[in-house]
Amino acid sequence: MDSLITRRLAAGRSRRGARLIALAGVATMTATLGLAGCASDQGAAAGGGEAAADQTLSIGFSAEPPGFKTGVDQGSANRQLITLVRRGLLSYGPDGAVVPALASEYEVSDDGLTYTFTLRDGLAFSTGEELTSEDVKRTFEFLAVPENGAADQTSFANIAAIDTPDDTTVVLRLTEPQTALPKVIANPLNAIVPEEAVAADGTPIGAGPFMVTEYKKGVSYTLEADPNYYDADAVQLDEIDMTFMADAQTRVKALVSGQVQFIDYVPAADYATLENANGITLDTAHGLYGALQFNLTEGPLAVPQVRQAIAYALDLEALNEVGTLGYGTSNGGLPIPEDSEYFDKEQASHFAQDVDKAKDLLAQGGYPDGGFSLTLLTNSQYFGYSERAQVIKSDLEEIGITVEIETGDYANQIAKGNSGSYDLMIGGPPAAINDPSALTGAFIGGPTFVRSFGIDQNLYAALLDEGAKTPDGPEREAIYREIGEIYLEDVPFVTWGQGAAAYAYSDALEGFEMLSGPIVYSSMYSLAGARLTN
């Protein structure tokens, strides 16, 4: 079942013809996409040949973003739109490499405590307002405040001081070294915003390749190329029309019929249909980790033995099968991808299904034969959520726990998840960078739907801090192995493996590059260099 993902990834790599340029002062690479076709189209039109293709991309989008508060993880729809309209100092290029964005270059001191970024000349937001080093400072200071709810708050809180000696220089002075800081800065949630947009929940404003020109609540967004973007000449799409299509079948039918040219969040059940459809490309990759999250604040779920019992009761292979039709992975433990050097196979297989052991743990926790009820929050909007809820309900009833499933749209799940209005919830820990320090967001921070409610953060904080500042190598691996052992005892959530993710689009679209794993929903970064052909 995994071969389709592997095949598509290989095909995607073979299509890439990007010109790679070294970023001054660092080993990072950047890519220039789609420039060759632009001149040829213009020449054809000028010479009376075939006219250039209309550069309006129509997207069937899986959800209406619930808001755009700077730094806050408000779901994949939010993240994808932000990659189009905002930019940070750095961003992601093909294969997930960190590339320059608002910063043309940066330097790191030998002790790893000072980062000096040089901004490009003449930067501006889509409003025309000048973007300077002061905007970077204000944005990063906002992200560091715990009450503001940023997903990467702990990373920005590690910045002891931000100096702005001139409009194009930003100097970050860290309290402790931070191995993955460039990846954190490339996270689209951490893009630079103007002062009035720092805490805004409305239409997003930024300094990206596109800007929102029309928003019809509940219906659509219209985006146009932003003439103030620092690389505006390389943007070939003139407009993006994004229509909200919550129903997966509606999106698939719209693509096949030609009503739209691009869709996100393709359910695994439709992979075969789109794989065989004429004129359509299906790109698939391993996606984010899925998890059963807990409200640990009271009742049976406040008892670690009960949470361990639930972990042993679950059939991870069945959860993978119903949620991804086998395209994902079926492993537990810390949410670290299997291809990472920090993946621990023994820990990932620790909670192999064992009903008898689950019952023994319930008794140890003071709940012999179960005998209690829990509400399981999910949504009916995305494939795999309701299906997994049914498996969990069945598995937990085997050990005497009654489960009532509560469903609705994704926005309802986000709202209830943020406030802790659930016992159990189908979800997944946050992840936005390909580094084990991404685990921090799963354990540390304020209330959010991507983190179990009521985690004992003191169990993890010191080790996570140590792991974030330790260079890659055996010492760092040992730190995350220790975190994994604590997790197996505490069980603040139960992972069931990495999911599958997919985009599908017309063959007329060139230059879209799908990323994978924790950064899969940053894939729309590449639309800045994409184009439509005839």
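Quick notes on the rules
- Residues numbered from 1 in each chain as written.
- Predicted model: local features only at pLDDT ≥ 70, side-chain atom pairs only at ≥ 80, totals over all residues.
- Heavy atoms only, no water.
- Helix = DSSP H or I, 4+ residues; strand = E, 2+ residues; numbered from the N terminus.
- Rg over C-alpha atoms; globule rule 2.2 N^0.38 Å.
- Buried < 20%, exposed > 50% of the residue type's maximum accessible area, 1.4 Å probe, protein only.
- Contact = heavy atoms within 4.5 Å.
- Areas by Shrake-Rupley, 256 points an atom, 1.4 Å probe, with all protein chains shown as cover.
- Pairing = 2+ DSSP bridges.
- Phe/Tyr/Trp six-rings, centres within 6.5 Å; stacked < 30°, edge-to-face > 60°.
- Core = buried A, V, L, I, M, F, W, Y, C linked by side-chain atoms within 4.5 Å.
- pLDDT = per-residue confidence, 0-100.
- Axes fitted to C-alpha atoms, helices over the stretch in contact; angles between N-to-C directions.
- Parallel < 35°, antiparallel > 145°, perpendicular 65-115°, else oblique.
- Nonpolar A, V, L, I, M, F, W, Y, C, P; charged D, E, K, R; others polar.
- Arc of directions from axis to C-beta.
- Salt bridge = Lys/Arg side-chain N within 4 Å of Asp/Glu carboxyl O.
- Polar contact = N/O pair within 3.5 Å; in protein donor to acceptor, adjacent residues only side chain to side chain.
- Right-handed = clockwise from strand over helix to strand, strands pointing away.

Novice: Which parts of the structure should I look at to understand the overall build of the chain?
Specialist: From N to C terminus, the chain includes 17 helices and 20 strands. Taking 24 Å as the expected radius of gyration for a compact globule of 534 residues, we find that the chain reaches 23 Å, a close match to that expectation. Overall, the C-alpha framework of the chain stretches about 80 × 55 × 40 Å when taken along its three principal axes. Counting the 534 residues in the chain, one finds 57% classified as buried. Nonlocal contacts in the chain, meaning residues at least 24 apart in sequence, comprise 70% of its contacts between residues at least 6 apart. Entry remark: accessible area of the chain is about 20400 Å², with carbon and sulfur atoms responsible for 47%.

Novice: Please explain the sheet that holds strand E14 (residues 280-294) as it appears in this structure.
Specialist: The sheet built from 10 strands is open, its strands ordered E10-E11-E12-E3-E13-E18-E14-E17-E15-E16 with mixed pairing. Among the strands making up the open sheet, the edge pair consists of strand E10 (210-216) and strand E16 (401-406). Pairing geometry for E14 and strand E18 (residues 493-506), over 12 bridges, is antiparallel. Bridge pairing in E18 links Thr284 to Ala502.

Novice: What should I look at first to understand the packing of aromatic side chains in this one?
Specialist: For any pair of aromatic rings, the description rests on two quantities: the centre-to-centre distance and the angle between the ring planes. Taken as a whole and assessed by the stated rule, the structure comprises 26 aromatic pairs. When the centroid spacing of 5.8 Å and the interplanar angle of 80° are considered together, the rings of Tyr342 and Tyr480 count as edge-to-face. You can see Tyr342 sitting in the loop between helix H10 (316-324) and helix H11 (345-348) and its partner Tyr480 sitting in helix H17 (residues 474-490), a full 138 residues away along the chain. Given the relative accessible area of 8%, Tyr342 is considered buried. Judged by centre distance (6.3 Å) and plane angle (85°), the ring pair of Tyr410 and Phe449 falls under edge-to-face. On the criterion of sequence distance, the pair formed by Tyr410 in helix H14 (residues 410-419) and Phe449 in the loop between helix H15 (440-443) and helix H16 (461-469) is long-range, its members being 39 residues apart. When its relative accessible area of 12% is taken as the criterion, Tyr410 is described as buried. In this structure an aromatic cluster arises from ring pairing among Tyr265, Tyr382, Tyr385, Tyr410, Phe449 and Tyr521.

Novice: I keep staring at the nonpolar core and nothing clicks. Help me out?
Specialist: A general tendency of soluble globular proteins is for nonpolar side chains to be buried together. In terms of nonpolar packing, the biggest core is built from 98 residues, with Leu84, Leu292, Ile310, Leu396 and Phe443 touching the most fellow members. The residues touching Leu396, leaving out its near neighbours within four places in the chain, are Ile310, Ala313, Leu314, Ile401, Val403 and Leu424. Counting 36 residues, the second largest nonpolar core, distinct from the first, contains Leu90, Ile162, Leu174 and Ala207.

Novice: How do you make sense of the confidence of the model for the chain when you look at a structure like this?
Specialist: Per-residue confidence for the chain averages 89 on the pLDDT scale, and 90% of its residues sit at or above 70. Taken together, the stretch residues 1-48 has pLDDT below 50 and engages in 82 contacts with residues farther than four places along the chain or on a different chain.

Novice: What am I meant to see in the packing of helix H9 (residues 304-313) against helix H12 (residues 355-364) here?
Specialist: For any two helices packed against each other, the geometry is given by the interaxial angle and the distance between the axes. Between H9 and H12, the least distance of the axes is 8 Å, while the angle of their chain directions is 170°. With respect to H12, the axis of H9 lies roughly antiparallel. Packed against H9, whose contacting residues are Gln305, Val306, Gln308, Ala309, Tyr312 and Ala313, the element H12 presents Val355, Lys357, Ala358, Leu361, Leu362 and Gln364 at the interface. Across the contact of H9 with H12, the residue classes break down as 8 nonpolar, 3 polar and 1 charged.

Novice: Would you mind going over the sheet that holds strand E6 (residues 103-108) with me for this structure?
Specialist: The strands making up a sheet are joined through hydrogen bonds of the backbone, oriented either antiparallel or parallel. Across the sheet, 4 strands lie side by side as E6-E7-E9-E8; this open sheet has antiparallel pairing. The sheet is open, and its two borders are formed by E6 and strand E8 (159-166), each paired with just one other strand. Taking the axes of each pair of neighbouring strands and ignoring which way they run, one obtains an average angle of 20° across the sheet. Sheet analysis places E8 next to strand E9 (residues 169-174), joined by 5 bridges and oriented antiparallel. Paired with Ile159 across the bridge in E9 is Leu174.

Novice: Please clarify how H16 should be interpreted in this entry.
Specialist: A turn of α-helix holds 3.6 residues, and therefore any two residues three or four places apart point the same way. Buried residues of H16: Leu463, Leu464, Gly467 and Ala468, and no others. Along H16, the residues classed as buried sweep out an arc of 135° about the axis, all on the same side. For H16, the secondary structure elements touched by its buried residues are H15 and H17.

Novice: Looking at this structure, how should I read the environment of Asn148?
Specialist: Following the sequence through the fold, Asn148 ends up in the loop between helix H4 (133-144) and helix H5 (153-157). Taking the C-alpha atoms as reference points, Asn148 and Ala504, separated by 356 residues in sequence, lie 35 Å from one another. Beyond its immediate stretch of four places on either side in the chain, Asn148 contacts Lys69, Val72 and Phe142.

Novice: Sorry if this is basic, but what is going on with the pattern of salt bridges here?
Specialist: Inspection of every chain in the model, using the stated rule, returns 12 salt bridges. The residue Asp435 makes a salt bridge to Arg476 at a minimum N-O spacing of 2.9 Å. Here Arg476 lies in helix H17 and Asp435 lies in the loop between strand E17 (424-427) and H15, a separation of 41 residues in the sequence. We note that Asp435, like Arg476, is buried. With its nearest N and O atoms 3.6 Å apart, the salt bridge here joins Glu510 to Arg531.

Novice: Looking at this structure, I do not really get H12. What am I missing?
Specialist: Where H12 is concerned, the buried positions are Ala358, Leu361 and Leu362. When H12 is viewed along its axis, its buried side chains cluster within an angular range of 105° and face the same direction. Of the residues in H12, the exposed ones pointing more than 90 degrees away from the buried face are Asp356 and Gln364. Those residues of H12 that are buried are in contact with H9, strand E15 (372-377) and E16. Capping the start of H12, Asp354 holds a side-chain oxygen 3.4 Å from the backbone nitrogen of Asp356, two or three residues further along. Note on H12: the residue one or two positions beyond its end, Gly366, has a positive phi of about 95°.

Novice: I would appreciate a short explanation of the pairing of E18 in the present structure.
Specialist: A regular strand places its side chains so that they alternate between the two faces of the sheet. Within E18, 13 of the 14 residues are buried, which leaves it mostly tucked inside the rest of the structure. The sheet contact formed by strand E13 (residues 262-263) and E18 spans 2 bridges and is antiparallel. Within the sheet, the bridge partner assigned to Ile263 lies in E18 and is Ala504.

Novice: Any chance you could explain the pairing of E16 here in plain terms?
Specialist: Pairing analysis gives 6 bridges linking E15 to E16, with the strands arranged parallel. The residue bridging Ser373 from the neighbouring strand is Thr402, located in E16. Handedness of the crossover is the feature at issue here: the chain leaves E15, passes through helix H13 (residues 385-397), returns alongside E16, and the resulting connection is right-handed.

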